[in-house]
Amino acid sequence: MSSAILESGAAVAHGVERHRLEGHGVEELSMQQALNRALDEVLATQPKALIFGEDCGRLGGVFRITDGLQLKYGEARVFDTPLAESGILGMSVGLAMAGFHPIPEVQFDGFAYPAINQIVCQIGRMNYRSRGTLPMPITLRVPSFGGIRAPEHHGESLEALFAHVPGLKVVSPSTPHEAYHLLTYAASLPDPVIFMEPKSRYWQKGPVDFARGPETIGSPTGAKVMRQGRHLTVVAWGAMVARCLQVADLAAEDGVDIEVLDLRWLKPIDAQALATSVQKTRRAVVVHEAPLTSGLGAEVAQLITHGCFDTLKAPVERVTGFDVPYPSGDLEDEYIPNIDRILNGIKRVLEYRRG
Amino acid sequence: MDTLPPLATGETAAPSPGQLRELYSLMVAVRHLDSSAVAWQRQGIIPGYAPELGQEAAQVGSGYAVDLTRDFVFPTYREMGVARAMGVDMVAYMATHKATWHGGLYDPMESRLAPIQAVVAGSVLHAVGWAHGQTLTGTADGKLGVALSYFGDGASSQGDVHEAMNFAALMKAPVVFFVQNNGWAISVPTERQVAGGSVAARAQGYGIPAIQVDGNDVVAVLEATRHALAHCRSGNGPALVEAMTYRRGPHSTSDDPGRYRSLAEERDGGGEDPLERFRQRLLADGIADEAFFAAALAAAKAEEEQIRAGIQALGPRPGNEMFDLVFQETTPALQAQGASWREESEHV
Ligand SMILES: Cc1ncc(C[n+]2csc(CCOP(=O)(O)OP(=O)(O)O)c2C)c(N)n1
């Protein structure tokens, strides 16, 4: 396998040039295409990068994120594994120890659970355990969150679970542009990153500016203001960002000027960006699909409270899913924060009066 | 690959002509309902479905062998034919594909069918636990209830399956591991999924007797399953049946098999249609005639129409069930969330 890797690595040196040429300018892409382009670039520029998982090779993944990559880079670098998530993640540990850069895929969020032991006890700890001698540059791609009326376990919000695990970094893109840049950046890190792709946004198109630098991606490790506003900050990530932008448009009709902050990194969280935004607006609502109790909203609210205690005009509100197992399609719209529930949360904060 | 010891004579009898006709009627009903469910998805009646075209013999033959008074079945998501053969309420079964309620709306305790399971191999260990419970409760007459655990060739890669086999063998649990080897795990063919030649071959490593059967021959499947059940029932520990069949259609209504196999491959892999094959056999043996086949198809059509009407009439479950069914004893936080949900949803 290693000689095949070297050969394909050599063959790709020239591909790198080509890719850079392709990568100029702005293109209108779906998030699925943007992620595919990011993986293509990673394989082209990092000879040790490997993509694998269930149906990732020939089929190109059930969401087609790895479409065409096996054809382009060969079966040694993009391959199907047996149907075993613990096997996929456990093998990633060994590949990382052997100097590779695994980019495994778990087919749906709910199937990360069978691999939790490897993710928590092994991937998250190996660097620490080995006193930094065995880094785990693993980028685990997880199609995440609901909104597609899928069967059980095909739509879950695991961010709090992952963010709670020491040794893991967690990130989620909200647009095709973020998807491209965050994935290429995550794949350049020497640490394990859980990359949570909002599957309900896979087919939405948007402009992707391939240029690097702060003007296009901001700080690659930070949050990003997706809409400026004066009256209140809504903090969201993944699929909820688009919905909150819609909410902000609606609120604007009533003269309420909302700032929408895409948190992007769910661990580590950009506390500075939270403070900067809320110091300006003095009010905040956190929106997430995951259940309320012990959700990431609590963490964000605490960071805002800490950074803006003196300036806050109201307690930080949360609009979230409920403490119930992710429901079947018919109840999905009741579960995921909808526009009305988000507007109600905003109203509660705007109308708050000190007792 | 047959390591299941022979049974004492008389332990299982060959199916009678009446039973053979019943098997045929079940297969037609399942075939018709399955193709209809795919059409329902295309028509927007249900959001998704996992078809089983070509697996009717494996499902009906095995499901028919279940003793509903004492056995318990642990399905995955493609066992519609098993459910039908067991007499499960099909509207309640289809409710899961209608996205009404995960797991379906049937009563697992009454129907002897555990809720539909989306995690592959998720219930294989459950079957072992249930089976061990039978041993613990014990029956003096050596007629144990048996757990029948359904999973695919792909699922057999999961670590849980290996733990389940080891547990079952060590504890002599009365469980039949029923593997439907339909050639594919979405896009990955069996030869790139299963090491060691076959799932049945693996059972040997755990000391579990196994039988590989032509999964497109409903009678052979019925007999193999009865054999395995009888083996477990008498306290001999677990057994494995690997039914060799073929998934003729897509993996699910959102799959595109054209990306991983050609139509020619599909034709060759599928072999003879299990339904047509059984029909020819019944005709040749003089057990059924054209009039019987026509009546069976008419009955299947009537049944499908009833089930379709049933699921179309099935409204969404009341939203408060989302909060009410999380625990037997609810929590204050959940009550508060339910209350604010009611307030906000009435508000809009
Ligand atoms: C633990 C887990 N991982 C991934 C999936 C996604 N998935 C659904 S079905 C399937 C293939 C299953 O193949 P097999 O066990 O052979 O059963 P078949 O679908 O062919 O009946 C996969 C990968 C899943 N449902 N569960």
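Keep in mind the model is a prediction, meaning the values are calculated, not measured. (Residues numbered from 1 in each chain as written. Chains lettered and ligands numbered in written order. Predicted model: local features only at pLDDT ≥ 70, side-chain atom pairs only at ≥ 80, totals over all residues. Heavy atoms only, no water.)

## Considering the overall build of chain A
Our working definition: Each helix corresponds to a stretch of at least 4 residues labelled H or I by DSSP, and each strand to a stretch of at least 2 residues labelled E; elements are numbered beginning at the N terminus. The globule rule used for comparison is 2.2 Å times the number of residues to the exponent 0.38, while the radius of gyration itself is calculated over C-alpha atoms. Relative accessibility thresholds used throughout: buried, under 20% of the residue-type maximum; exposed, over 50%; partly exposed, between the two (1.4 Å probe, protein chains only). In what follows, residue pairs with any heavy atoms lying within 4.5 Å of each other are defined as contacts. A 1.4 Å probe and the Shrake-Rupley method give the accessible areas. Residues count as covered only by the protein chains that appear here. Counting rule for charge: Lys and Arg are taken as positive, Asp and Glu as negative, and neither His nor the chain ends is counted. Lysine's charge is taken at NZ, arginine's at CZ, aspartate's at CG and glutamate's at CD.
Along the backbone of chain A there are 14 helices and 14 strands. A compact globule built from 355 residues should have a C-alpha radius of gyration of about 20 Å, and chain A, at 20 Å, falls within 12% of that. When the backbone C-alpha atoms are referred to their principal axes, chain A occupies close to 70 × 45 × 40 Å. Burial status across chain A gives 57% buried among its 355 residues. A separation threshold of at least 6 residues defines the contact pool for chain A, and within that pool the share at least 24 residues apart is 82%. In the structure as shown, chain A presents an accessible area of about 13800 Å², 55% of it carried by carbon and sulfur atoms. Distance between charge centres in chain A, computed from 34 positive and 41 negative side chains, equals 5 Å.

## Here's the deal with the interface of chain B and chain A
The line we're drawing: When two parts are brought into contact, each loses some accessible area as probed by a 1.4 Å sphere; the total of that loss over both is the buried area. Salt-bridge detection follows one rule: a side-chain nitrogen of Lys or Arg within 4 Å of a carboxyl oxygen of Asp or Glu. Any pair of nitrogen or oxygen atoms within 3.5 Å is treated as a polar contact; in protein, a donor-acceptor pairing is required on top of that, and neighbouring residues in sequence qualify only through side-chain atoms on both sides. Note that Gly is not counted as nonpolar here; it falls among the polar residues with everything else outside the nonpolar set of Ala, Val, Leu, Ile, Met, Phe, Trp, Tyr, Cys and Pro and the charged set of Asp, Glu, Lys and Arg.
Taken together, the contacts link 37 residues of chain B with 39 residues of chain A. For chain B, the biggest contributors to the area lost against chain A are His102(B), Arg259(B) and Met322(B); these three give 22% of the whole. At the boundary of chain B with chain A, the tally comes to 3 salt bridges. The shortest N-O distance in the salt bridge between Glu75(A) and Arg192(B) comes to 3.4 Å. Scanning the region where chain B abuts chain A turns up 18 residue pairs in polar contact (both at pLDDT 80 or more). Elements with a contribution of two residues or more to the side of chain B that touches chain A: α13 (321–324) and α14 (332–347) of chain B. In terms of residue count, the dominant contributor to the side of chain B that touches chain A is α14(B) (7 residues). The residue inventory of the side of chain B that touches chain A, partitioned by class, reads 19 nonpolar, 11 polar and 7 charged.

## What about the packing of helix α11 (residues 271–281) of chain A against helix α12 (residues 296–308) of chain A?
Residue and element names in this part refer to chain A. The line we're drawing: Interaxial angle, 0 to 180 degrees, is taken between N-to-C directions of lines fitted to C-alpha atoms, where a helix line uses only the stretch in contact. It is the rotation of the near helix from the far one that decides the hand of a crossing: anticlockwise by less than a right angle makes it left-handed, clockwise makes it right-handed.
Packing of α11 against α12 leaves a shortest axis separation of 9 Å and a crossing angle of 60 degrees. Regarding α11 and α12, the two cross each other, and that crossing is right-handed. Here α11 contributes Ala271, Leu274, Ala275, Val278 and Gln279 to the contact with α12, which in turn contributes Val300, Leu303, Ile304, Gly307 and Cys308. Among the residues forming the contact of α11 with α12, the class breakdown is 8 nonpolar, 2 polar and no charged.

## Section: the pattern of salt bridges
In the structure shown here, the tally under the stated rule is 30 salt bridges over all chains. For Arg141(A), the salt bridge identified is with Glu197(A), shortest N-O distance 2.5 Å. Of this pair, Arg141(A) sits in strand β5 (residues 139–144) while Glu197(A) sits in strand β7 (residues 193–198); the two residues are 56 residues apart in sequence, bridging distant segments of the chain. Measuring nitrogen to oxygen at the nearest pair gives 2.8 Å for the salt bridge that ties Asp71(B) to Arg233(B). Of this pair, Asp71(B) sits in the loop between α2 (56–64) and β1 (72–74) while Arg233(B) sits in helix α9 (residues 218–233), and the two are 162 residues apart along the sequence.

## Description of the sheet that holds strand β11 (residues 258–262) of chain A
Residue and element names in this part refer to chain A. Keep this limit in mind: Strand pairing is assigned whenever DSSP detects at least two bridges linking the two strands.
Reading across from one edge, β9-β11-β10-β13-β14 is the order of the 5 strands in this open sheet, with mixed pairing throughout. The open sheet has two free edges, formed respectively by β9 (224–227) and β14 (317–320), since each of these has just one partner strand. Mean inter-strand twist for the sheet, computed between neighbouring axes without regard to direction, equals 25 degrees. Sheet topology note: the strand β10 (residues 232–236)/strand β13 (residues 284–288) ladder contains 3 bridges and is parallel.

## What about the domain arrangement of chain A?
All names here are of chain A. The cut-off we apply is this: For the purposes of this description, domain bounds are those given by an automatic or database domain assignment.
Here chain A is described as being made up of domain 1 (2–217) and domain 2 (224–350). Between the C-alpha centres of domain 1 and domain 2 there is a distance of 27 Å. Taken residue by residue, the interface counts 35 residues in domain 1 and 24 residues in domain 2. Summed over the three residues of domain 1 that lose the most area to domain 2, namely Arg149, Glu159 and Ser174, the buried surface amounts to 22% of that side. Applying the counting criterion to the domain 1 and domain 2 interface returns 3 salt bridges. With a shortest N-O distance of 2.8 Å, lysine 224 and glutamate 178 are connected by a salt bridge. In this assembly, domain 1 and domain 2 are joined by 17 residue pairs in polar contact (both at pLDDT 80 or more). Of all the secondary-structure elements, those providing two or more residues to the side of domain 1 that touches domain 2 are α7 (159–163), β6 (169–171), α8 (176–186), β7 and α9 (214–217). With 4 residues, α8 is the largest single contributor of residues to the side of domain 1 that touches domain 2. A breakdown of the residues in the side of domain 1 that touches domain 2 according to their chemical character gives 17 nonpolar, 12 polar and 6 charged.

## Some details on the side chain of His177(A)
All names here are of chain A. Mapped onto the elements, histidine 177 comes out in helix α8. Reaching out from histidine 177, the side chain makes a polar contact with the backbone nitrogen of aspartate 209 at a distance of 3.1 Å. For histidine 177, the contacting residues outside a window of four places in its chain are Pro207, Val208, Asp209, Thr216, Ile217 and Lys224.

## Regarding the sheet that holds strand β6 (residues 210–214) of chain B
Residues and elements named next belong to chain B. If you walk across this open sheet you meet the 5 strands as β1-β2-β3-β7-β6, and the pairing is parallel. Taken across any chain shown, the strands that pair with only one partner, and hence form the sheet edges, are β1 and β6. When the angles between neighbouring strand axes are averaged without regard to direction, this sheet yields 20 degrees. Two elements, β6 and strand β7 (residues 239–244), share 5 bridges in a ladder whose sense is parallel. In the strand pairing of β7, alanine 210 is matched with leucine 240. Where α2 meets the sheet, its contacts fall on β2 (147–152), β3 (175–181) and β7, and the angle it forms with β3 comes to roughly 165 degrees. Seen against the sheet, helix α7 (residues 159–171) touches β2, β3 and β7 and runs at an angle of roughly 150 degrees to β3.

## Some details on the site of the ligand
What counts is decided by this rule: Summary of the distance rule: residues count as near a molecule or strand when at least one heavy atom falls within 4 Å of that molecule or strand.
The ligand sits among 20 residues. The nearest are Glu85(A), Tyr77(B), Arg78(B), Ala118(B) and Gly154(B). Neighbouring residues of the ligand are distributed over chains A and B. Asn182(B) is positioned with one of its side-chain polar atoms (N or O) 2.9 Å from an oxygen atom of the ligand. Measuring from an oxygen atom of the ligand, one finds a side-chain N or O atom of His251(B) at 3.4 Å. In isolation the ligand has 580 Å² of accessible area, and contact with the protein removes 96% of it. Here the residues of the shell around the ligand are counted per class, giving 10 nonpolar, 6 polar and 4 charged.

## Examining helix α4 (residues 85–97) of chain A
All names here are of chain A. Threshold: One less than the residue count of a helix, multiplied by 1.5 Å, gives the span that helix is expected to have.
Here α4 contains 13 residues, and its C-alpha end-to-end distance of 19 Å stays within 8% of the 18 Å for a straight helix at 1.5 Å per residue. Where α4 is buried, its residues contact β2 (49–53), β4 (101–105), α5 (116–123), α6 (126–129) and β5. Just downstream of α4, glycine 99 is the residue with a positive phi angle, here 95 degrees.

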